[in-house]
Amino acid sequence: MKKKRFLIGNCMDSLITHIVLIAVCIVFAFPVLWLVLASFSKSGSIYDIGGFFPDTLSLAGYKRLFTDTTMYDYPNWLKNTLFVAVLSSFLGTVLVILTAYTISRFEFKSRKLLMKSTLVLSMFPSFMGMTAVYLIMVNFGLINQLWSLILIYAAGAPMGYLVQKGYFDTIAGTIYEAARVDGATNFKVFTKITLPLSKPIIVYTALTQFAWPWSDFILPNMLLKNKDLWTVAVGLTHLDETQFTRFAAGAVFIAVPIVILYFALSKFLVAGVSDGAVKG
């Protein structure tokens, strides 16, 4: 009897859990579905969409997105976004990996103080320093410069080194000791031993560093005043209500590369996060 009640209880728990998960999926998936269908609306204005979904579907929104560039040059915005995201990802990944490896493998004065300080500072929202960042960029003449975005994204990247440090902590110290006994320098140990063993965390870092500038709005909107230098996130926000289909198409198109990258590199992402969280 007790066994039967136990089985019924497990089935009820499983049923309730699945119902809750399905409900959560619907809540999160519905806006995405609505945006995708809105991007295929034949009418360009948001006011012409009847009900939740458009009555007539068309590819006109995507066509206008790449052909009608007189006022809204989406291809140029996409090029600017790609330029900033790729270089920020490269520089940010290098800085994060070097920072995490140094703190993981070397003992130096104020090491623990540095770790505690960065942990406390990372708790504050990044937008709190936007005024200071803007004044610095003004004084250095870096307003309306794509390189200013790259420098800020890359410079702020090492603050998030904890996951990478946790990953490096899981690499056995005996490997490094054996390499040093054989006469390997610190640079050779890092390039010949650490990096080949760290592909999952490098991929994870590169992708997260790419995703941030790819979709960021606050910083580009603050620093880029020239319309030709806008990124996609900034440009789309300047579309009016009559261009809503184009806005939806642009939002869907900009999300596609990130989704593809996440699915293609999911194996490395899971390994990077799980291993980095062991001692992070």
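Residues numbered from 1 in each chain as written. Predicted model: local features only at pLDDT ≥ 70, side-chain atom pairs only at ≥ 80, totals over all residues. Heavy atoms only, no water.

1. Remarks on the overall build of the chain
- Assigned secondary structure in the chain consists of 14 helices and zero strands.
- Starting at the N terminus and walking to the C terminus, you meet the elements of the chain as α-α-α-α-α-α-α-α-α-α-α-α-α-α.
- Across the chain, every contact between residues at least 6 apart in sequence was considered, and the portion connecting residues at least 24 apart equals 76%.
- Element-wise, carbon and sulfur atoms account for 71% of the exposed surface of the chain, whose accessible area totals about 16600 Å². (Helix = DSSP H or I, 4+ residues; strand = E, 2+ residues; numbered from the N terminus. Contact = heavy atoms within 4.5 Å. Areas by Shrake-Rupley, 256 points an atom, 1.4 Å probe, with all protein chains shown as cover.)

2. Side note on the pattern of salt bridges
- Counting across every chain of the model gives three salt bridges.
- Linking glutamate 107 and arginine 111 is a salt bridge whose minimum nitrogen-to-oxygen distance equals 3.8 Å.
- The exposed category is assigned to glutamate 107, whose relative accessible area is 69%.
- With a relative accessible area of 12%, arginine 111 lands in the buried category. (Salt bridge = Lys/Arg side-chain N within 4 Å of Asp/Glu carboxyl O. Buried < 20%, exposed > 50% of the residue type's maximum accessible area, 1.4 Å probe, protein only.)

3. Some thoughts on the nonpolar core
- Membership of the largest hydrophobic core comes to 32 residues, with the highest contact counts inside it found for Tyr74, Leu149, Trp214, Leu219, Leu223 and Val232.
- Where this core is concerned, the elements lending two or more residues are α2 (60-67), α3 (74-105), α5 (130-139), α6 (146-156), α10 (199-215), α11 (218-223), α12 (232-237) and α13 (244-264).
- In contact with leucine 223, not counting residues within four places along its chain, are Tyr134, Met137, Ile143, Asn144, Ser148, Leu149 and Ile152.
- In this structure, Ile171, Ala179, Phe190 and Ile201 belong to the second largest nonpolar core, which totals 17 residues. (Core = buried A, V, L, I, M, F, W, Y, C linked by side-chain atoms within 4.5 Å.)

4. Concerning the environment of methionine 71
- As for its placement among the helices and strands, methionine 71 is situated in the loop between α2 and α3.
- With 168 residues separating them along the chain, methionine 71 and leucine 239 place their C-alpha atoms 9.5 Å apart.

5. So, the layout of surface pockets
- Considering only enclosed or pocket space, the largest pocket measures out at about 700 Å³ in volume.
- Residue lining of the largest pocket: 23 residues in total, with Ser126, Gly156, Ala157, Met159 and Trp212 positioned closest to the centre.
- Within the residue set of the lining of the largest pocket, elements represented by two or more residues are α5, α6, α10 and α11.
- Counting residues per element, the lining of the largest pocket draws most heavily on α6, which supplies four residues.
- Its boundaries defined by the atoms lining it, the second largest pocket holds a volume of some 160 Å³. (1 Å grid on protein atoms, 1.4 Å probe; cavity = no way out; pocket = protein on both sides within 12 Å on 5 of 7 lines; lining within 4 Å. Points joined across faces, edges and corners; volume = space filled by probe spheres on them.)

6. Notes on the packing of aromatic side chains
- If you walk through the whole model with that rule in mind, you get 15 aromatic pairs.
- With centroids separated by 6.3 Å and ring planes inclined at 75°, the aromatic side chains of tyrosine 74 and phenylalanine 253 adopt a geometry described as edge-to-face. Of the two residues, tyrosine 74 sits in helix α3 while phenylalanine 253 sits in helix α13, which places them 179 residues apart along the sequence.
- Phenylalanine 253 sits in the partly exposed class, given a relative accessible area of 32%.
- Each ring, one from phenylalanine 210 and one from tryptophan 214, has its centre 5.1 Å from the other, and the planes form 25°; the classification is stacked. Pair noted here: phenylalanine 210 and tryptophan 214 are both in helix α10, with a separation of four residues, about one helical turn. The same class applies to phenylalanine 210 as to tryptophan 214, namely buried.
- An aromatic cluster is defined as three or more aromatic residues linked by ring pairs; in this entry it consists of Tyr101, Phe106, Tyr167, Phe168, Tyr176 and Phe190.
- Against the face of tyrosine 72 rests lysine 227, its NZ or CZ located 5.5 Å from the ring centre. (Phe/Tyr/Trp six-rings, centres within 6.5 Å; stacked < 30°, edge-to-face > 60°. Lys NZ or Arg CZ within 6 Å of the ring centre and 35° of its normal.)

7. Concerning unusual backbone geometry
- Residues other than glycine seldom take positive phi values, yet serine 110 does so here, at roughly 65°.
- Position of serine 110 relative to the elements: it lies in the loop between α3 and α4 (111-121).
- We classify serine 110 as partly exposed; its relative accessible area is 41%.
- The phi torsion at asparagine 144 lies on the positive side, around 60°, for a residue other than glycine.
- Mapped onto the fold, asparagine 144 is located in the loop between α5 and α6.
- By relative accessible area, asparagine 144 is classed as partly exposed at 26%.

8. Section: the confidence of the model for the chain
- Per-residue pLDDT for the chain has a mean of 82; in total, 89% of the residues score no lower than 70.
- Mean pLDDT across the elements of the chain ranges from a minimum in helix α14 (residues 266-276), with 57, to a maximum in α3, with 92.
- Note that residues 276-280 has pLDDT below 50 and, in this model, 10 contacts with residues that lie over four places away or in other chains. (pLDDT = per-residue confidence, 0-100.)

9. Some points on the side chain of glutamine 209
- Relative to the helices and strands, glutamine 209 resides in helix α10.
- By relative accessible area, glutamine 209 is classed as buried at 12%.
- In contact with glutamine 209, other than residues within four places in its own chain, are Ser89, Gly92, Thr93, Val96, Tyr153 and Ala157.

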